[in-house]
Structures are given as structure tokens and as C-alpha cells.
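As a plain string of letters, each chain reads:
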Amino acid sequence: MNHEEGNLRRRGELGFTLIELLIVMIILGLLAALVAPKMFQKVGSSKQKAAKTQISMLGTALDAYRLDMGRYPSGEDGLDALRKPPGQGSWDGPYLSKDVPPDPWGNPYVYRAPGEHGDYDLVSLGADGQDGGEGENADVVSWE
């Protein structure tokens, strides 16, 4: 056995065979197929929770506005009244430190005053941006 045959034999022993690599890739694919759906469900529910938290925060700012002005912002003034004075009354804002954020899906919150369910209604339309829906598409509302 010469020197070159010994080097070739050692190089072959150090690497992985194609079958070993395919088996590892199949196992990783199976694991990803089992874990990925669970992780995507967590993302959807976390966005729902974030929307509920933002609606609660906006509700607190709306309540502070009402204490100063004696009323909630009109539907025409909208949530912008929490950052910019409406022109009359004893506005003591801004009631939010930053601009009104979009909902977790990037859509604006729907604000109605007077509301159908109280003095105001504040709604995130969910992932689909439309009324109703289930799961991640479900509306997140201020009155529930």
C-alpha cells in the first residue's frame, strides 16, 4: 500500500455518506412539520393578546381624555384627539406618548363614538381586516 492509497482511505472515513445526510434531512423535516404548526398558533394568539393590551391602553387614554374634556372624542375626531387638541375645552394632553399604533396586523383601530356597546367602541378587525372571523381573523373588541 502506497502513501496515496492511505490518504484516500482516511478521507473517505472522515466524511458522511449520502444516505446518512438524507436520513438526517428527513428527520429534521419531520421535526419541523410537527413543531412549526404549534409555533404559528402561538404567533396568532400572541397577536390577539397584543391587540387586547393595546385596546386596554387606548381605553385608559380615552378615559383620561374624558376626565379632562367631559366627553370621549367624537367619531370625527377619532383617536387622533388623544395626541392633538381638538380646539375647544380643557384638553390637557397628549394622552399618549406616541402616535396611535396600528393593530398587530398593521391595520388601524376602528373607533366609534358613541358606540353600539358603550360610550365608545374600539375594535381591531383581526388578521383579515374584516368584520367577524374566527381564530386569528376574529375581531378584538373593547367591550369584552
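Residues numbered from 1 in each chain as written. Predicted model: local features only at pLDDT ≥ 70, side-chain atom pairs only at ≥ 80, totals over all residues. Heavy atoms only, no water.

Peer 1: I would appreciate a short explanation of the packing of aromatic side chains in the present structure.
Peer 2: Given two aromatic rings, one states the distance between the centres and the angle between the planes to describe the pair. Tallied over the full model, the rule gives three aromatic pairs. Ring centres of Tyr-65 and Tyr-95 lie 5.6 Å apart, and the angle between their planes is 70°; on these two criteria the pair is classed as edge-to-face. Linking Tyr-65 in helix H2 (residues 18-69) with Tyr-95 in the loop between H2 and strand E1 (110-112), this pair joins segments that are 30 residues apart in sequence. Counting every residue linked through ring pairs, the aromatic cluster contains Tyr-72, Tyr-111 and Tyr-120. (Phe/Tyr/Trp six-rings, centres within 6.5 Å; stacked < 30°, edge-to-face > 60°. Helix = DSSP H or I, 4+ residues; strand = E, 2+ residues; numbered from the N terminus.)

Peer 1: Would you mind showing me how to read the pairing of strand E2 (residues 121-124) here?
Peer 2: Successive residues of a regular strand alternate their side chains across the two faces of the sheet. Here E2 shows two buried faces, one formed by Asp-121 and Val-123 and the other by Leu-122 and Ser-124. Examined bridge by bridge, E2 and strand E3 (residues 140-141) share two bridges and lie antiparallel to one another. Opposite Ser-124, over in E3, you have Val-140 as the bridge partner. (Buried < 20%, exposed > 50% of the residue type's maximum accessible area, 1.4 Å probe, protein only. Pairing = 2+ DSSP bridges.)

Peer 1: What's the story with the side chain of Gln-48 in this structure? I'm lost.
Peer 2: With respect to the helices and strands, the residue Gln-48 is situated in helix H2. In this structure Gln-48 comes out as buried when scored by relative accessible area, which is 14%.

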